[in-house]
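Structural overview
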Protein chains: 2
Amino acid sequence: MTEIEELIKQFAHIPGFGKSSARRAVLYLMKKREKVMKPLIDSMEKVLETINPCPICGNLDSQTPCHICSDQKRDSSVICVVKDIADLWALERSACFNGKYHVLNGVLSPIDGIGPEELGVPALIKRLKASPVKEIIMALPTSIEGQTTLHYISSTLKNNGIDVKVSSLARGIPFGGELDYMDDGTISLAIKERL
Amino acid sequence: MTEIEELIKQFAHIPGFGKSSARRAVLYLMKKREKVMKPLIDSMEKVLETINPCPICGNLDSQTPCHICSDQKRDSSVICVVKDIADLWALERSACFNGKYHVLNGVLSPIDGIGPEELGVPALIKRLKASPVKEIIMALPTSIEGQTTLHYISSTLKNNGIDVKVSSLARGIPFGGELDYMDDGTISLAIKERL
């Protein structure tokens, strides 16, 4: 049983998996070895071979620079700063942003030892000095850490003499959201920043 | 993005995964390529190479016959019939059964086209004819399909002249279960079959 148990252990490391769901997944894979397990291995190997972080924005892609950075049709004068690639994907799915990105390595979190260096802020400053932009959209989380990161980056930009418009995502009631189900913080924000 | 999207699609096929959780998993793997993704691929390949269904009981194992069938210390006179390997694993984890197993391919489900042949009932009959046992424990689900399968197997055994004690798992309130949280069916069963 050791090979199976080893694979279950590996699966349990993936976020969203616990011991039981990992067992179920492994059993499913073993039952569908030709149709699911082999293609999955091939796919993973392909990703491992071809995908690398973009040296400009930090996105993961098979081309270098990534397909967003090398897209001539996108507006290079606006950079959207996101905390990770999942957020970049979410913005790309909405298809409402046509500028470039800068992917941070999370948000400032002194407890976890994540400071400005780990975050990739110096790389952002260097990038902006080399090719100035008109606007930076801070698409960072509304958590305390996210907002601290936002303020840290804004002041670092100023200290480095980078004069650029810094905006952040609008906050309020989500599309189709029922007031009844909203938390107090969101409602008070929506009232305070009413249009 | 195509390689990444392909891998996300593959992951979304695994039970327990949706599109969003598959995205999260793939992102995690790409971030931890050395520590998680490579070992995961290696593990999957090892399982693919070494694991095969046991020709006797249907369990999946790296040895043939499986480690349970070839274990001389286990009682060969009792066979526990389970609907799949997940249930065999659950029984093994409880470490309360020391006999052999027979793994069915699910339960009878005419709508899904699963009849006795697909289930592996003929293989069970053949096995019992070749080496008779004292008792068969039917560890099948309490669902209608499970109970139909139980009765089908019992009558098939009789029709084939196999005289064996057929038992099934006790039903009632689970260990530590609160009456308050039990469904009506379980409570009425527990009353009816009270000890």
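Residues numbered from 1 in each chain as written. Chains lettered and ligands numbered in written order. Predicted model: local features only at pLDDT ≥ 70, side-chain atom pairs only at ≥ 80, totals over all residues. Heavy atoms only, no water.

Let us now look at the overall build of chain A. Within chain A, the secondary structure is distributed over 8 helices and 6 strands. Along chain A, helices (α) and strands (β) appear in the sequence α-α-α-β-β-β-α-β-α-α-β-α-β-α when read from the amino end. Computed over the C-alpha atoms, the radius of gyration of chain A is 21 Å, more than 25% above the 16 Å expected from 2.2 N^0.38 for a compact globule of 195 residues. For chain A, the C-alpha atoms occupy an extent of roughly 60 × 45 × 35 Å along the three principal directions. (Helix = DSSP H or I, 4+ residues; strand = E, 2+ residues; numbered from the N terminus. Rg over C-alpha atoms; globule rule 2.2 N^0.38 Å.)

Let us look at the sheet that holds strand 6 (residues 165-168) of chain A. Residue and element names in this part refer to chain A. An order of 4-3-5-6 is seen for the 4 strands of this open sheet, with the pairing classed as parallel. With partners counted over all chains shown, the strands left at the sheet margins are strand 4 (99-103) and strand 6, one partner each. Within the sheet, the average angular offset between the axes of one strand and its neighbour, ignoring direction, is 25 degrees. Where strand 3 (residues 75-82) and strand 4 come together, 5 bridges link them in parallel fashion. (Pairing = 2+ DSSP bridges. Axes fitted to C-alpha atoms, helices over the stretch in contact; angles between N-to-C directions.)

Here the focus is the pattern of salt bridges. Applying the stated criterion to the full structure yields 11 salt bridges over all chains. Across the pair D84(A) and K83(A) runs a salt bridge whose closest N-O atoms are separated by 3.9 Å. Relative accessible area serves as the criterion here: at 24%, K83(A) is assigned to the partly exposed category. Across the pair D87(B) and K83(B) runs a salt bridge whose closest N-O atoms are separated by 3.2 Å. Put simply, K83(A), D84(A) and D87(A) are held in one network by salt bridges that share partners. (Salt bridge = Lys/Arg side-chain N within 4 Å of Asp/Glu carboxyl O. Buried < 20%, exposed > 50% of the residue type's maximum accessible area, 1.4 Å probe, protein only.)

A few words on the sheet that holds strand 6 (residues 165-168) of chain B. All names here are of chain B. Spatially, 4 strands are ordered 4-3-5-6 in an open sheet, and the strand pairing comes out parallel. Edge positions in the sheet fall to strand 4 (99-103) and strand 6, since each has one partner strand and no second. Within this sheet the neighbouring strands show an average axis-to-axis angle of 25 degrees, counted without direction. The sheet strands contacting helix 4 (residues 85-94) are strand 3 (75-82), strand 4 and strand 5 (135-139), and the helix crosses strand 4 at an angle near 160 degrees. Along the sheet, helix 6 (residues 121-130) makes contact with strand 3, strand 4 and strand 5, crossing strand 4 at roughly 150 degrees. (Contact = heavy atoms within 4.5 Å.)

Contacts between chain B and chain A engage 45 residues on the former and 45 residues on the latter. A combined buried area of about 4600 Å² lies between chain B and chain A, and 75% of that area is made up of carbon and sulfur atoms. When the area that chain B buries against chain A is broken down by residue, the three leading residues are M44(B), L48(B) and W89(B), summing to 16%. Across the chain B-chain A interface, the total number found is 0 salt bridges. The interface formed by chain B and chain A contains 7 residue pairs in polar contact (both at pLDDT 80 or more). Those elements giving two or more residues to the side of chain B that touches chain A turn out to be helix 1 (2-12), helix 2 (19-31), helix 3 (33-50), strand 2 (60-61) and helix 4 of chain B. A total of 14 residues in the side of chain B that touches chain A trace back to one element, the largest contributor, which is helix 3 of chain B. In the side of chain B that touches chain A, the residues fall into 26 nonpolar, 7 polar and 12 charged. (Buried area = accessible area lost by both parts, 1.4 Å probe. Polar contact = N/O pair within 3.5 Å; in protein donor to acceptor, adjacent residues only side chain to side chain. Nonpolar A, V, L, I, M, F, W, Y, C, P; charged D, E, K, R; others polar.)

All right, on to the pairing of strand 3 of chain B then. Two faces make up the sheet, and in a regular strand the side chains alternate between them. Residue and element names in this part refer to chain B. Taken across its 8 residues, strand 3 has 6 buried, putting it largely inside the fold. With helix 4 bridging strand 3 and its parallel neighbour strand 4, the resulting β-α-β unit is right-handed. As defined by bridge partners, strand 3 adjoins strand 5 across 5 bridges and the pair is classed as parallel. Directly across from V81, in strand 5, lies its bridge partner M138. (Right-handed = clockwise from strand over helix to strand, strands pointing away.)

The next point concerns the packing of helix 1 (residues 2-12) of chain A against helix 3 of chain B. The packing of two helices is summarised by the inter-axis angle and the distance between the axes. Between helix 1 of chain A and helix 3 of chain B, the shortest axis-to-axis distance is 9 Å and the interhelical angle comes to 150 degrees. Taken together, helix 1 of chain A and helix 3 of chain B sit at an angle that is classed as roughly antiparallel. The crossing of helix 1 of chain A and helix 3 of chain B is left-handed. Across the interface between the two elements, E3(A), I4(A), E6(A), L7(A), Q10(A) and F11(A) of helix 1 of chain A pack against V36(B), P39(B), L40(B), S43(B), M44(B), K46(B), V47(B) and T50(B) of helix 3 of chain B. Across the contact of helix 1 of chain A with helix 3 of chain B, the residue classes break down as 8 nonpolar, 3 polar and 3 charged. (Parallel < 35°, antiparallel > 145°, perpendicular 65-115°, else oblique. Left-handed = near helix turned anticlockwise from the far one by under 90°.)

Moving on, we come to helix 4 (residues 85-94) of chain A. Along helix 4 of chain A, the residues that are buried comprise I85(A), L88(A), W89(A) and L91(A). One side of helix 4 of chain A holds all its buried residues, which, seen down the axis, span an arc of 165 degrees. The inward-facing, buried residues of helix 4 of chain A abut strand 2 (60-61), strand 3, strand 4 and strand 5 (135-139) of chain A together with helix 1 and helix 2 of chain B. (Arc of directions from axis to C-beta.)

Here we come to the relation of the copies chain B and chain A. What relates the pair of chain copies is a rotation about an axis plus a shift along that axis. With an RMSD of 0.1 Å, the fit of chain B onto chain A corresponds to turning through 180 degrees and sliding 0.0 Å along the axis. Put plainly, the chains are arranged around a two-fold axis. Relative to the rotation axis, the closest C-alpha in chain B is found at I41(B), a distance of 3.1 Å. Same-surface contact between copies: 100% of interface residues of chain B are shared with the interface of chain A. (Least-squares fit on C-alpha atoms with pLDDT ≥ 70 in both.)

Here we come to helix 6 of chain B. Helical periodicity: at 3.6 residues per turn, an α-helix aligns residues three or four positions apart in one direction. Residue and element names in this part refer to chain B. When we look at burial in helix 6, the residues that qualify are V121, L124, I125, R127 and L128. Along helix 6, the residues classed as buried sweep out an arc of 165 degrees about the axis, all on the same side. Exposed residues pointing more than 90 degrees away from the buried face of helix 6 are listed as K126, K129 and A130. Buried residues in helix 6 make contact with strand 3, strand 4, helix 5 (116-119), strand 5 and helix 7 (144-159).

This next bit is on the side chain of D61(A). Structurally, D61(A) is set in strand 2. At 2.7 Å, the side chain of D61(A) forms a polar contact with the side chain of H67(A).

The values reported here are purely geometric and, on their own, carry no functional implication.
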